[in-house]
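# Observations on chain architecture
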Amino acid sequence: MRIEVESDAGDSGIERPRRIRLNARVIEIVETIDQWPGRDYYYFKVKGDDGNLYIIRLDEARHDWELTLFQRDGIEYRIENAS
């Protein structure tokens, strides 16, 4: 699922998400729990100010962000057709 993400480049030069827009909702990123490179994407596991966990990925070549997984109250929701 494509999403809007406000980001900035950290000291490493890698874009880091700061805010996610899902429809009309704006979620502030309060913590980056993990990040890792993939073959075609760069992944981030983040915690929002709503208390939920999100795994989002950045296609650096196209500068597109996608939501791949959402977790609320310990239940994971995988987002199909994330590409």
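First things first, this report covers the structure right here in the doc. (Residues numbered from 1 in each chain as written. Predicted model: local features only at pLDDT ≥ 70, side-chain atom pairs only at ≥ 80, totals over all residues. Heavy atoms only, no water.)

## A closer look at the nonpolar core
Selection criterion: Take the buried Ala, Val, Leu, Ile, Met, Phe, Trp, Tyr and Cys residues and link them wherever side-chain atoms come within 4.5 Å; each set so joined is a nonpolar core. Per-residue accessibility, obtained with a 1.4 Å probe over protein chains only, is compared with the maximum for each type, and a residue is labelled buried under 20%, exposed over 50%, and partly exposed between these values. A helix here means a DSSP run of H or I that spans at least four residues, while a strand means a run of E at least two residues long, and both kinds are numbered starting from the N terminus. We call two residues in contact when some of their heavy atoms are within 4.5 Å.
In terms of nonpolar packing, the biggest core is built from 15 residues, with Ile3, Ile20, Leu22, Tyr54, Ile56 and Trp65 touching the most fellow members. For this core, the secondary structure elements donating two or more residues are strand 1 (2-9), strand 2 (15-22), strand 3 (25-37), strand 4 (42-48), strand 5 (53-59) and strand 6 (64-72). Not counting residues up to four positions away in its chain, the partners in contact with Ile20 are Ile3, Glu4, Arg25, Val26, Ile27, Ile29, Val46, Tyr54 and Ile56.

## Notes on the environment of Phe44
Checked against the element boundaries, Phe44 lands in strand 4. For the pair Phe44 and Arg18, spaced 26 residues apart in the sequence, the C-alpha separation amounts to 11 Å. Filtering out sequence-adjacent residues up to four positions away, Phe44 remains in contact with Ile14, Glu15, Arg16, Pro17, Thr32, Asp34, Gln35, Tyr54, Ile55, Ile56 and Trp65.

## Examining the side chain of Arg57
Short version of the rule: In protein, a polar contact means a hydrogen-donor-capable atom and an acceptor-capable atom, both N or O and within 3.5 Å, with residues adjacent in sequence counting only if both atoms are side-chain atoms; elsewhere, any N or O pair within 3.5 Å suffices.
With respect to the helices and strands, the residue Arg57 is situated in strand 5. Here Arg57 falls in the buried class, since its relative accessible area comes to 10%. One polar contact links Arg57 to Tyr43, side chain to side chain, over a distance of 3.2 Å. Only 2.8 Å separates the side chain of Arg57 from the side chain of Glu66, close enough to count as a polar contact.

## A look at the side chain of Asp59
Position of Asp59 among the secondary structure elements: in strand 5. Among the polar contacts listed, one links the side chain of Asp59 to the side chain of Arg62, at a separation of 3.1 Å. The contacts of Asp59, once residues within four sequence positions are left out, are Asp40, Tyr41 and Asp64.

## Topic: the pairing of strand 7 (residues 75-78)
Threshold: What makes two strands pair is DSSP finding at least two bridges between them.
Bridge analysis of strand 6 against strand 7 gives four bridges, and the strand direction is antiparallel. Note that in strand 7 the partner of Leu69 across the bridge is Arg78. As consecutive antiparallel partners, strand 6 and strand 7 are separated by two residues, and within that stretch Asp73 has a phi angle of approximately 55 degrees, a positive value.

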